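Descriptive structure summary
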Amino acid sequence: MRIDKDTLKITGITAATLLAASLLLTWKRKQQDKLASRLLEELQKETNSGSAGLSASEAFDIHYKDKVQKDVGGKIIVLTQEAARRYATEIQDAWGIINDDENKIYAVLRKLKDKVQVSQVSRAYNDLDGNLIDVFYDRLSSSEIKKVLEIVKNKPAYRRP
């Protein structure tokens, strides 16, 4: 079987393109892995702070809403499951193949009124695509994680009707 020059060129160009794309994705993943360890340290600082009450990062705990309801012993304002699922889907839709839309994620988090709602969206995301905070570790840079934590940290723990 004889292969002509044009077929050989096309095959070579295709292989080189695939190799370059693979190397780029591998490099990006390694950069994210390096940042993930630093992000974990930063997140642990947030959760282990000596402050009273619940820290911002605990808001991503899927059981946070239940803990607050138990601690408060009364009714609190919560999202419907449908609304939580809709916000979780908005976050999931922000992830791109090569580039993520972090501003879309920030916008969703800004829409949420308190940490209980963040917890509800985290739980809904868990049902869609896995642990939200783990996905943040995988997909966001250190500065982007800090921005997420700043947005959530400034929210009240819960709201009463």
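Right, let's walk through the structure included here. Note that the structure is a prediction, hence the values are computed from the model and not measured.

Here we take up the layout of surface pockets. Leftover empty space is mapped by rolling, across the atoms, a probe with the size of a water molecule. Of the pockets and cavities examined, the largest pocket occupies roughly 250 Å³. Together, 13 residues line the largest pocket, and Q81, A84, Q120, R123 and A124 are the ones closest to its centre. Among the elements that take part in the lining of the largest pocket, helix α5 (residues 115-129) stands out by supplying six residues, more than any other. In terms of residue class, the lining of the largest pocket is built from five nonpolar, four polar and four charged.

Applying the stated criterion across every chain, the model contains two aromatic pairs. With 5.7 Å between their ring centres and 85° between their planes, F60 and F136 make a pair best called edge-to-face. Of this pair, F60 sits in the loop between α1 (5-47) and α2 (64-72) while F136 sits in helix α6 (residues 132-139), placing them 76 residues apart in sequence. Neither F60 nor F136 differs from the other in exposure class; each is buried. For the pair W95 and F136, a centre-to-centre distance of 6.2 Å together with 70° between the ring planes defines the contact as edge-to-face. Of this pair, W95 sits in the loop between α3 (81-94) and α4 (102-111) while F136 is found in helix α6, placing the two residues 41 residues apart along the sequence. Exposure class is identical for W95 and F136. Each is buried. Through a chain of ring-to-ring contacts, the aromatic side chains of F60, W95 and F136 assemble into a single cluster.

Attention now moves to α6. Because the α-helix completes a turn every 3.6 residues, residues three or four places apart line up on one side. Buried residues of α6: L132, I133, V135, F136 and Y137, and no others. Capping of α6 at its N-terminal end is provided by N131; its side-chain oxygen lies 2.9 Å from the backbone amide nitrogen of I133.

Here we come to the nonpolar core. Of all hydrophobic cores here, the largest spans 30 residues; its most connected members are F60, I91, W95, I105 and F136. Mapped onto this core, the elements with two or more residues apiece are α3, α4, α5, α6 and α7 (142-153). Counting residues per element, this core draws most heavily on α3, at six residues. Residues within four places of I105 in sequence aside, it is in contact with I91, A94, W95, F136 and L140.

Once that is clear, we can look at the pattern of salt bridges. Across all of its chains, the model carries six salt bridges by this definition. In this structure, the salt-bridge partner of D66 is R123, at a minimum N-O distance of 3.5 Å. Taken together, the positions of D66 in helix α2 and R123 in helix α5 put the pair 57 residues apart, joining distant regions of the chain. Judged by its relative accessible area of 34%, D66 is partly exposed. Note that K111 and E90 form a salt bridge whose closest N and O atoms lie 3.1 Å from each other.

Rules and cut-offs
Starting from 1, residues in each chain are numbered consecutively following that chain's sequence as written. Note on the predicted model: pLDDT of at least 70 is required for a residue's local features to be given, and 80 or more for side-chain atom pairs to be given and counted; whole-chain, interface and lining totals, by contrast, use all residues. Each side-chain value is worked out from all heavy atoms of the structure, with water and hydrogens disregarded. Only protein atoms enter the 1 Å grid used here. Points where a 1.4 Å probe fits but cannot escape make up a cavity, open sets with protein on both sides within 12 Å along at least five of seven lines make up a pocket, and a residue lines them when an atom lies within 4 Å of a point. Grid points are joined across faces, edges and corners, and a volume is the space filled by probe spheres set on the points. Only DSSP runs of H or I with at least four residues qualify as helices, and only runs of E with at least two residues qualify as strands; both kinds are numbered from the N terminus onward. Residues are grouped as follows: Ala, Val, Leu, Ile, Met, Phe, Trp, Tyr, Cys and Pro are nonpolar; Asp, Glu, Lys and Arg are charged; all remaining types, including Gly, are polar. Stacked, tilted and edge-to-face are the three classes assigned to paired rings of Phe, Tyr and Trp, where Trp is represented by its six-membered ring and a pair needs centres within 6.5 Å; plane angles under 30 degrees give stacked, over 60 edge-to-face, the rest tilted. Only protein chains enter the calculation, and the probe is 1.4 Å; a residue is then buried if its accessible area is under 20% of its type maximum, exposed if over 50%, and partly exposed in between. The definition of a polar contact used here is a pair of N or O atoms within 3.5 Å, where within protein one atom must be able to donate a hydrogen and the other to accept one, and adjacent residues in sequence count solely through side-chain atom pairs. Here the nonpolar core consists of buried residues drawn from Ala, Val, Leu, Ile, Met, Phe, Trp, Tyr and Cys, with membership extended through side-chain atoms lying within 4.5 Å. Contacts are residue-level and defined by heavy atoms, with any inter-residue pair within 4.5 Å sufficient. Salt-bridge detection follows one rule: a side-chain nitrogen of Lys or Arg within 4 Å of a carboxyl oxygen of Asp or Glu.

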